Amino acid sequence: LKRPTTRACSRERRGQRRGATMGGEPVGSANGKALGLWDPETQEVHGGQTWRLLGSSFVEDFSVTTNAFGAPQPAVEAARAALGDIHHYPAADCGAATAALAEFTRWPESQLLLGNGASEFIDLVMRVGPPGGYTPGPFLAAYMEYSRAAKAAGREVRDPLTADGDRSGVTVIIRPNSPTGDFLGLDQLEQIVKETEASPEPGIVVMDESFMAFHGPSWREHSALELVPKYPNTLMVICSWTKLWSCPGLRLGSIACGPGWYRTFKKMQTPWSCNTLAQEFCRAACNDTEYMQRTWSTLPAWKTRQEGLLTSLGWVVNKMSPSWVPWVFVNCGDAETAAKANAVAMEAGCPVRLCASFGIPTYLRLGVRAPEHQDVLQAALEKHFGRARD
């Protein structure tokens, strides 16, 4: 499988990994205090935990990439109302929620499964996918939960920057990629799928499009869902809807695939994995067009503003990341600066995501947040680091 990358990128990634310690976080960093929340032998460090350490000093969580507008209120009300039904089992087929999501994604209900966040399906594809190793996408770093699931399923995790020509049982492309924000076009994706299908022992290609709907009103035209009917035995799309609708505490994910894989996944899926509250939340969120319009019309400008603030510190943001991607990936220059920035952000009540656990300790990832919260974080960073000279 040919990868559009460079040897320089590979050297940078290998070199930076040597700076990661103690479960991926530098000893003594602000995030180090949160490591007790994780079992480094069985879990991957994730954003969204350090805010718990801040108490009343918490301002905003930049460490996650959820929608800055928070959960859609009609969906929250629907979930709250569903509390009255928790003495009943959830709908076994997730019927109403699946129908709503099928309409939202313009994808057949008969090839769409709902579950307990994307994590359920990440585990599922690694457990029941074709035998062979796991290869992530051709990026400097990628979401580590797939690696955790692959190892748990007994798969070899291959370095995408050196795995050219190696056959994999499962290849995963995250688009846009987390944490870097890079975005591969459909033509590039289709080439990867074609090469996978042409293998004497074809594997599967999983597209994680958990952020795809941030793209704009025409997002569906750019989704890998356009390719699944053409490659039903090879391609599938996982989505974590907790990002778009800012509900990670509720857990809501889906997988869209061909008929054969649908039957396999449904057979192996844990029963009752999508609870009543999540189903009702999903049904209501899918119909909240005002929320989507506000997301599409506002967040790109907020990201551009946030990138400008970080650039003023002399740091380098990833300009290859489209403006609709709801986070900023920034290189602070060296691991010491990044770790200190992480600590300063914590002290300001605005935790960010230090990327040491991805093997790239000079980088931070910051969720796009409202200007008033950007200003709180920026004031703290400028006080410590100052502004870069023109």
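For the structure, see preceding data.
In this text, all values refer to a predicted model and were calculated from it rather than measured experimentally.

Caption draft 1: Examining the overall build of the chain more closely. Scanning the chain for helices and strands turns up 13 helices and 10 strands. Across the 390 residues in the chain, those meeting the buried criterion constitute 59%. Of the contacts formed within the chain by residues at least 6 apart in sequence, a portion of 76% connects residues at least 24 apart. Accessible surface, the chain: about 16,400 Å² in total, of which carbon and sulfur atoms supply 52%.

Caption draft 2: Structural detail: the sheet that holds strand β10 (residues 363-367). Read across the sheet, 4 strands follow the order β7-β8-β10-β9 without closing on themselves; strand pairing throughout is antiparallel. In this open sheet, the two edge strands, each paired with only one partner strand, are β7 (316-317) and β9 (353-354). Pairing geometry for β7 and strand β8 (residues 327-331), over 2 bridges, is antiparallel. Pairing of Val-316 across the sheet is with Asn-331, part of β8.

Caption draft 3: Focus on the nonpolar core. Residues Leu-101, Phe-104, Met-207, Trp-241 and Trp-245 are the most contacted members of the largest nonpolar core, which totals 59 residues. Per element, the largest residue contribution to this core is 7 residues, and it comes from helix α10 (residues 276-286). Sequence-distant contacts of Trp-241, defined by excluding residues within four places in its chain, comprise Leu-101, Phe-104, Thr-105, Ala-213, Ser-246, Cys-247, Leu-252, Gly-253 and Ser-254.

Caption draft 4: Examining the pattern of salt bridges more closely. This model, assessed by the stated rule, comprises 13 salt bridges. Ionic pairing is found between Glu-156 and Arg-158, a salt bridge with its closest N-O pair at 3.5 Å. A relative accessible area of 18% places Arg-158 in the buried class. With a closest N to O distance of 2.7 Å, Lys-230 and Glu-190 form a salt bridge. Linking Lys-230 in the loop between α7 (219-222) and β5 (235-240) with Glu-190 in helix α6 (residues 186-197), this pair joins segments that are 40 residues apart in sequence. The exposure class assigned to Glu-190 is buried, which follows from its relative accessible area of 15%. What emerges from the salt-bridge pattern is a single network uniting Asp-123, Glu-145 and Arg-148.

Caption draft 5: Highlighting the pairing of strand β1 (residues 112-115). What you see with β1 is no split at all: Leu-112 and Leu-114 on one side and Leu-113 and Gly-115 on the other are buried throughout. Looking at chain direction, β1 and strand β6 (residues 253-256) are connected through 4 bridges and run antiparallel. In the strand pairing of β6, Leu-114 is matched with Ser-254.

Caption draft 6: Representation of the packing of aromatic side chains in the model. Under the definition given, this model contains 13 aromatic pairs. Seen from their ring centres, Trp-261 and Phe-265 are 5.3 Å apart, and the 25° between their planes marks the pair as stacked. Placement of the pair is Trp-261 and Phe-265 together in helix α9 (residues 259-268), with a separation of 4 residues, close to one helical turn. This pair shows no difference in class: Trp-261 is buried, exactly as Phe-265 is. Relative to Phe-385, the ring of Trp-315 lies with its centre 5.4 Å away and its plane at 75°, an arrangement referred to as edge-to-face. With a gap of 70 residues between them, Trp-315 in the loop between α11 (289-311) and β7 and Phe-385 in helix α13 (residues 371-385) connect regions that are remote in the sequence.

Caption draft 7: Representation of the sheet that holds β1 in the model. In spatial order, the strands read β1-β6-β5-β4-β3-β2; together these 6 strands make up an open sheet with mixed pairing. On the outer flanks of this sheet lie β1 and β2 (133-136), each paired with one strand and no other. On average, each strand axis in the sheet is tilted by 20° relative to the strand beside it, whichever way the strands run. Sheet topology note: the strand β3 (residues 168-174)/strand β4 (residues 204-208) ladder contains 5 bridges and is parallel. Looking across to β4, one finds that Ile-174 is bridged to Asp-208. Of the strands in this sheet, β1, β2, β3, β4, β5 and β6 are in contact with helix α4 (residues 117-128), which crosses β5 at around 150°.

Caption draft 8: Inspection of α13 at higher detail. Taking 1.5 Å per residue, 15 residues should reach 21 Å; α13 reaches 20 Å between its end C-alpha atoms and fits that length. Where α13 is concerned, the buried positions are Gln-374, Leu-377, Gln-378, Ala-380 and Leu-381. Around the axis of α13, the buried residues are gathered within 160° of arc, so they sit on the same side. Seen from the open side of α13, the exposed residues pointing more than 90 degrees away from its buried face are Glu-372 and Lys-383. For α13, the secondary structure elements touched by its buried residues are α11, α12 (335-347) and β10. Of the residues flanking the end of α13, it is Gly-386, one or two places downstream, whose phi is positive at about 75°.

Caption draft 9: Structural detail: the side chain of Ser-357. By the secondary structure assignment, Ser-357 is in the loop between β9 and β10. Side chain to side chain, Ser-357 and Arg-353 meet in a polar contact 2.9 Å long.

Caption draft 10: Region of interest: helix α5 (residues 145-152). Counting buried residues in α5 gives 6 out of 8 residues, a clear majority hidden from the surface. Of the positions making up α5, those classed as buried are Glu-145, Tyr-146, Ser-147, Arg-148, Ala-149 and Ala-150. The secondary structure elements touched by the buried residues of α5 are α4, β2, β3, β4 and β5. Phi turns positive, to about 80°, at Gly-154, one or two residues after α5.

Criteria and cut-off values
Residues numbered from 1 in each chain as written. Predicted model: local features only at pLDDT ≥ 70, side-chain atom pairs only at ≥ 80, totals over all residues. Heavy atoms only, no water. Helix = DSSP H or I, 4+ residues; strand = E, 2+ residues; numbered from the N terminus. Buried < 20%, exposed > 50% of the residue type's maximum accessible area, 1.4 Å probe, protein only. Contact = heavy atoms within 4.5 Å. Areas by Shrake-Rupley, 256 points an atom, 1.4 Å probe, with all protein chains shown as cover. Pairing = 2+ DSSP bridges. Core = buried A, V, L, I, M, F, W, Y, C linked by side-chain atoms within 4.5 Å. Salt bridge = Lys/Arg side-chain N within 4 Å of Asp/Glu carboxyl O. Phe/Tyr/Trp six-rings, centres within 6.5 Å; stacked < 30°, edge-to-face > 60°. Axes fitted to C-alpha atoms, helices over the stretch in contact; angles between N-to-C directions. Expected span 1.5 Å × (residues − 1). Arc of directions from axis to C-beta. Polar contact = N/O pair within 3.5 Å; in protein donor to acceptor, adjacent residues only side chain to side chain.

Worth remembering: the numbers are spatial, not functional.
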